[in-house]
Amino acid sequence: MNERLFSNSYLNSQWEGFGLVIAESLAVGTPIISTNCNRAPREILDDAQYEILVNVGDPEQLANAILNECIQIGDNSNNRHNDFDISKITKVYFQELD
């Protein structure tokens, strides 16, 4: 399914493994605000180049980001999901294993 069902995605976690919801949101062009909880969100969002990262445990920063998101984010994420395409990411995994 490559259909945008939501207008925004928010990931307010203290820890994430991969952050699949971020990759899924990127794939359908949904703007994302995520906590910078560990490597996963920061890596997927390419150090906030593609969307907004806020500090863990800072509800004021999260609220401000949500209020300002319509102005700041959206179109920038439209192609980032391609970096996680199965054919591309499989090559990366095998390179790491060598």
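As shown above, the structure is provided for reference.
Here's what I pulled together on the structure shown here. (Residues numbered from 1 in each chain as written. Predicted model: local features only at pLDDT ≥ 70, side-chain atom pairs only at ≥ 80, totals over all residues. Heavy atoms only, no water.)

### Things to note about the nonpolar core
Here comes step 1: Of all hydrophobic cores here, the largest spans seven residues; its members are Leu11, Ile22, Leu26, Ile32, Ile44, Leu45 and Leu53.
Here comes step 2: Of all hydrophobic cores here, the second largest spans five residues; its members include Ile33, Val54, Leu62 and Ala65. (Core = buried A, V, L, I, M, F, W, Y, C linked by side-chain atoms within 4.5 Å. Buried < 20%, exposed > 50% of the residue type's maximum accessible area, 1.4 Å probe, protein only.)

### Here we look at the environment of isoleucine 66
Here comes step 1: Note that isoleucine 66 resides in helix α3 (residues 59-72).
Here comes step 2: Overall, isoleucine 66 belongs to the partly exposed group, its relative accessible area being 32%.
Here comes step 3: Sequence-wise, isoleucine 66 and asparagine 8 are 58 residues apart; in three dimensions their C-alpha atoms are separated by 9.1 Å.
Here comes step 4: Apart from residues lying up to four places away in sequence, isoleucine 66 is in contact with Tyr10 and Ile33. (Helix = DSSP H or I, 4+ residues; strand = E, 2+ residues; numbered from the N terminus. Contact = heavy atoms within 4.5 Å.)

### Points about the pattern of salt bridges
Here comes step 1: Across all of its chains, the model carries one salt bridge by this definition.
Here comes step 2: Notably, a salt bridge pairs glutamate 43 with arginine 39, separated by 2.8 Å at the nearest N-O pair. In this pair, glutamate 43 and arginine 39 are both assigned in helix α2 (residues 39-44), four residues apart and thus about one turn of the helix distant. (Salt bridge = Lys/Arg side-chain N within 4 Å of Asp/Glu carboxyl O.)

### Observations concerning the sheet that holds strand β3 (residues 52-54)
Here comes step 1: Pairing in this open sheet of three strands is parallel, and the strands run β1-β2-β3 from one edge to the other. Since the sheet does not close on itself, it has two edges, and those belong to β1 (9-11) and β3, each with one partner. Ignoring which end each strand starts from, the neighbouring axes of this sheet average 15° apart.
Here comes step 2: Here strand β2 (residues 32-35) pairs with β3 via three bridges, running parallel. Each bridged residue has a counterpart across the sheet, and for threonine 35 the counterpart in β3 is valine 54.
Here comes step 3: Packed onto the sheet, helix α1 (residues 20-27) meets β1 and β2 and runs at close to 165° relative to β2. (Pairing = 2+ DSSP bridges. Axes fitted to C-alpha atoms, helices over the stretch in contact; angles between N-to-C directions.)

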